[in-house]
Amino acid sequence: MVIRRLPPLRALEAFARTVRLGSARAAADELGLSPSALSRRIGNLESFVGKKLFTRARQSMQLTDEGQAFYESVNPHLEALARAVESQSENLSLLRLRLGVLPLFGSQRLFPRLSELRASHPLLHIDIDTGPHIEDRVGDTLDAGIILSRGPASGLHAVRLDYNRVHAIANRAIAEAVGTEPDRELLSKQTFLIHQELPASFEAWKAALSLHDLEPAAIDHYDSGQLMLAAAAQGLGIAIMHDDHLRRAGDARLTNLYGVEVESPYSYWFVCRPTALEERPVRIFHDWLVRAEL
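Heads up: these notes are all about the structure in this document. (Residues numbered from 1 in each chain as written. Predicted model: local features only at pLDDT ≥ 70, side-chain atom pairs only at ≥ 80, totals over all residues. Heavy atoms only, no water.)

## A look at the packing of helix H5 (residues 103–110) against helix H11 (residues 225–233)
Inference 1: The contact between H5 and H11 brings their axes to 6 Å, and the two run at 80°. As far as their axial angle goes, H11 and H5 are roughly perpendicular. Here Pro103, Leu104, Ser107 and Gln108 of H5 lie close against H11, whose contacting residues are Gly225, Gln226 and Leu229.
Inference 2: In the contact of H5 with H11, the residues fall into 3 nonpolar, 4 polar and no charged. (Axes fitted to C-alpha atoms, helices over the stretch in contact; angles between N-to-C directions. Helix = DSSP H or I, 4+ residues; strand = E, 2+ residues; numbered from the N terminus. Parallel < 35°, antiparallel > 145°, perpendicular 65-115°, else oblique. Contact = heavy atoms within 4.5 Å. Nonpolar A, V, L, I, M, F, W, Y, C, P; charged D, E, K, R; others polar.)

Next up, the structure:
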């Protein structure tokens, strides 16, 4: 039986992380290497396969066509190898991830797809935490989090998951009462529902409709997007929320006032400490989440 010569596994890891992260510097930081050491590892892999995987210009590395083909061919096998070791190791009976998630993202986007992740990684189990201040607790009581933010703290590894538009969401009775065109007087008689951690959404919506000085009858603050949607559906006020929330809710009682699209100051982000990506549960979830495009 002929045993094939294995490629340098550390070089494969350096190559795969550089492609996944889209940055040699980010990959070097994750692996605890200097940029030159990372470049040497990838150079060793190029020598082994006899192909130029990256072009190098100044301090940037760009994937070549051969490099892209190599990644697409090899990466599934790297994942399969990791899963095989995972399934056979007596030391890895379970993989545990402590994940902070906003309830609305969890119910609308994450949970409907988690069975796919479980099918691929049956040993991965996730403890879900929907408590407040997720970003502040990452690296402490949480391994990773999915947050709604204007931009995560600079010390975190962050992946932007979407871009959103702000809508004023109301039930159809309120929509009929305020009319089809923005009217400051009619809107000033309404209650608006604002998420207490996303105040800039209302300001962005007012600015886009040239209603900077709009003073509603009341502003009710919520700490749950899910409850905001429920309150809007019951006619308790006009909820300032993302279009994605309205679309995924599929609630026929709700509609978008005026049909305007306003760029949101906030996006959903996956965040963790850079060193956490060395941990198998975080890496598995991170890579699946990026590919799944929830």
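Moving on, there is more to tell.
## Here we look at the sheet that holds strand E6 (residues 157–160)
Inference 1: The strand order across the open sheet formed by 5 strands is E4-E3-E5-E13-E6, and the pairing between neighbours is mixed. Two strands close off the open sheet at either side, each with one partner strand: strand E4 (124–129) and E6. For this sheet, the mean inter-axis angle between neighbouring strands, taken without regard to orientation, is 25°.
Inference 2: Pairing of E6 with strand E13 (residues 267–272) involves 4 bridges; the strand directions are antiparallel. (Pairing = 2+ DSSP bridges.)

## Quick look at the environment of leucine 53
Inference 1: Tracing the backbone through its elements, the reader meets leucine 53 in the loop between helix H3 (35–49) and strand E1 (54–57).
Inference 2: Through-space distance from the C-alpha of leucine 53 to that of glycine 43 is 8.7 Å; in sequence the pair is 10 residues apart.
Inference 3: Beyond its immediate sequence surroundings of up to four residues, leucine 53 is in contact with Phe15, Leu45, Glu46, Gln62, Leu63, Thr64, Glu66, Gly67 and Phe70.

## Some words on unusual backbone geometry
Inference 1: With phi around 55°, serine 210 is a residue other than glycine that occupies positive phi space.
Inference 2: Among the structural elements, serine 210 can be located in the loop between helix H10 (200–208) and strand E9 (218–222).
Inference 3: Given the relative accessible area of 51%, serine 210 is considered exposed.
Inference 4: Despite not being glycine, glutamate 293 shows a phi value in the positive range, around 50°.
Inference 5: Looking at the secondary structure, you find glutamate 293 in the segment after helix H13 (280–292).
Inference 6: Glutamate 293 sits in the exposed class, given a relative accessible area of 66%. (Buried < 20%, exposed > 50% of the residue type's maximum accessible area, 1.4 Å probe, protein only.)

## Thoughts on the pairing of strand E10 (residues 238–242)
Looking along a regular strand, one sees side chains alternate from face to face of the sheet.
Inference 1: Within E10, 5 of the 5 residues are buried, which leaves it mostly tucked inside the rest of the structure.
Inference 2: The pairing of strand E7 (residues 165–171) with E10 spans 4 bridges and is antiparallel. The partner of valine 166 across the bridge, within E10, is histidine 242.
Inference 3: Judged from the 2 bridges that link them, strand E8 (residues 191–195) and E10 form a sheet pairing that is parallel. What sits directly across from leucine 193, in E10, is alanine 239.

## As for the side chain of asparagine 171
Inference 1: Mapping asparagine 171 onto the fold places it in strand E7.
Inference 2: Exposure remark for asparagine 171: the relative accessible area of 10% places this residue in the buried category.
Inference 3: Polar side-chain contacts of asparagine 171 include one of 3.0 Å to the backbone nitrogen of isoleucine 174.
Inference 4: Residues contacting asparagine 171, with those up to four places away along its chain left out, are Ala232, Ala233, Gln234, Gly235, Arg253 and Leu254. (Polar contact = N/O pair within 3.5 Å; in protein donor to acceptor, adjacent residues only side chain to side chain.)

## Thoughts on the packing of helix H1 (residues 9–21) against helix H2 (residues 24–31)
Inference 1: At a minimum axis distance of 8 Å, the contact between H1 and H2 shows a crossing angle of 130°. Taken as axis vectors, H1 and H2 run oblique relative to one another. Crossing handedness for the pair H1 and H2: right-handed. For the pair H1 and H2, the contacting residues are Glu13, Ala14, Arg17, Thr18 and Leu21 in the first and Ala24, Ala26, Ala27, Glu30 and Leu31 in the second. (Left-handed = near helix turned anticlockwise from the far one by under 90°.)

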